[in-house]
Amino acid sequence: MSLLAPVRSLPGLAALTTLLMGVALMLALIVAPEDADQGVSQRIFYIHVPIALTAYFCFALGAWKALLLLARGDERYDLESYVAIHQGTIFGSLTLLTGSIWAKASWGIWWTWSSNQLVLFLVLFLFYCAYFMLRFSLEDGPQRGRTCAVYALFGVALIPVSFLAIRMAQDFIHPTVFTRHGPQMSGSMFTAFCFCWAAVTLLAYLLYRVELAGKRVDANLRELREALQ
Amino acid sequence: MTQGQYVAAAYGVVFVFVLAYVAIIAAKLARLQRQTTELLRLAQRRQQPDRETADAGPREVLHEA
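Residues numbered from 1 in each chain as written. Chains lettered and ligands numbered in written order. Predicted model: local features only at pLDDT ≥ 70, side-chain atom pairs only at ≥ 80, totals over all residues.

A. Examining the overall build of chain A more closely. Secondary structure assignment for chain A yields eight helices and two strands. In chain A, the order of α-helices and β-strands from amino to carboxyl end is α-α-α-α-α-α-α-β-β-α. Within the span of chain A, comprising 229 residues, buried residues form 34% of the whole. The contacts in chain A between residues at least 6 apart in sequence include a share of 79% that link residues at least 24 apart. (Helix = DSSP H or I, 4+ residues; strand = E, 2+ residues; numbered from the N terminus. Buried ≥ 20, exposed ≤ 12 C-beta atoms within 10 Å, placed from the backbone. Contact = placed C-beta atoms within 7 Å.)

B. Representation of helix H4 (residues 76-107) of chain A in the model. End to end, H4(A) covers 45 Å across 32 residues, agreeing with the expected 46 Å (1.5 Å per residue, within 8%). Where H4(A) ends, the next residue or the one after it, A:Gly108, has phi of about 80 degrees, a positive value. (Expected span 1.5 Å × (residues − 1).)

C. Inspection of the nonpolar core at higher detail. Counting 57 residues, the largest nonpolar core has A:Ile44, A:Ala192 and A:Cys196 as the members making the most contacts within it. Only helix H2 (10-31), helix H3 (45-72), H4, helix H5 (116-137), helix H6 (142-156) and helix H8 (187-228) of chain A together with helix H1 (3-64) of chain B provide two or more residues apiece to this core. Here this core takes 14 residues from H3(A), the largest share from any one element. In contact with A:Cys196, other than residues within four places in its own chain, are A:Ala24, A:Ala28, A:Tyr46, A:Ile47 and A:Pro50. (Core = buried A, V, L, I, M, F, W, Y, C linked by C-beta atoms within 7 Å.)

D. Just the interface of chain A and chain B, in detail. With 24 residues of chain A in contact, the opposing surface of chain B contributes 20 residues. For the side of chain A that touches chain B, the secondary-structure elements that each account for two or more residues are H3, H4 and H8 of chain A. Here the element with the most residues in the side of chain A that touches chain B is H8(A); it accounts for nine residues. Of the residues in the side of chain A that touches chain B, the class split is 15 nonpolar, five polar and four charged. (Nonpolar A, V, L, I, M, F, W, Y, C, P; charged D, E, K, R; others polar.)

Interpretation note: all reported values are geometric properties and have no functional meaning in isolation.
In structure tokens, the structure reads:
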């Protein structure tokens, strides 16, 4: 009964995510005013930035779960860390895609290697892509869990570097919206952004829970098969 | 491409990703359902001889008596 309890809350969570996503999209695409400088292409900001922040959050969550695995030795943290990093790479690839589309719309280029923040995000993304190569090249067991946990913890050091690079960079390509003086946008734009951020975070959490539930059912079935045969 | 089309493309990419994810989860769910059915049949097959043995047991005892 207790095993099914986490799965039972998923339909409610999915309904809440759908509702919040609908409101967020309406605010971002209809209610929020058009940017005077960038025009309609600025609306990509409402999806690109929340997705990027969620990718950072997922990688950080994966590293936190990896730390818990190393500290407590509980095997369930290995699966949780893996699923969080998997979500991080999904949202990371979406960050790169939406960012490229926005760059093309605003500045006429898909990608530039001269921009540190873009390259650093790509490095972070590729670092976590290599996590899967490491994971699937090792034999299943506690040793694999610990090795992957150490790797995930190394990657987390890249998150503040990538995040701060956007603030420290002096080039033209990547604007800084959140400064020490607060958000550099109007109230309705900021409200739309907050809703989008909440919706994307909730979507990531929902996908994390769904994937985790699927992987646990898979593992339970494998054990059951072994017990029956 | 117009600016509006770029916006549509950015939001469309996210939508397609979520849709693909749901499709993958649906495929996985179908596989899990198939595996559960297989395991159920396996458990039933294993239960069948046990039941037959249990049914035969007391009858033999009665026969001997």
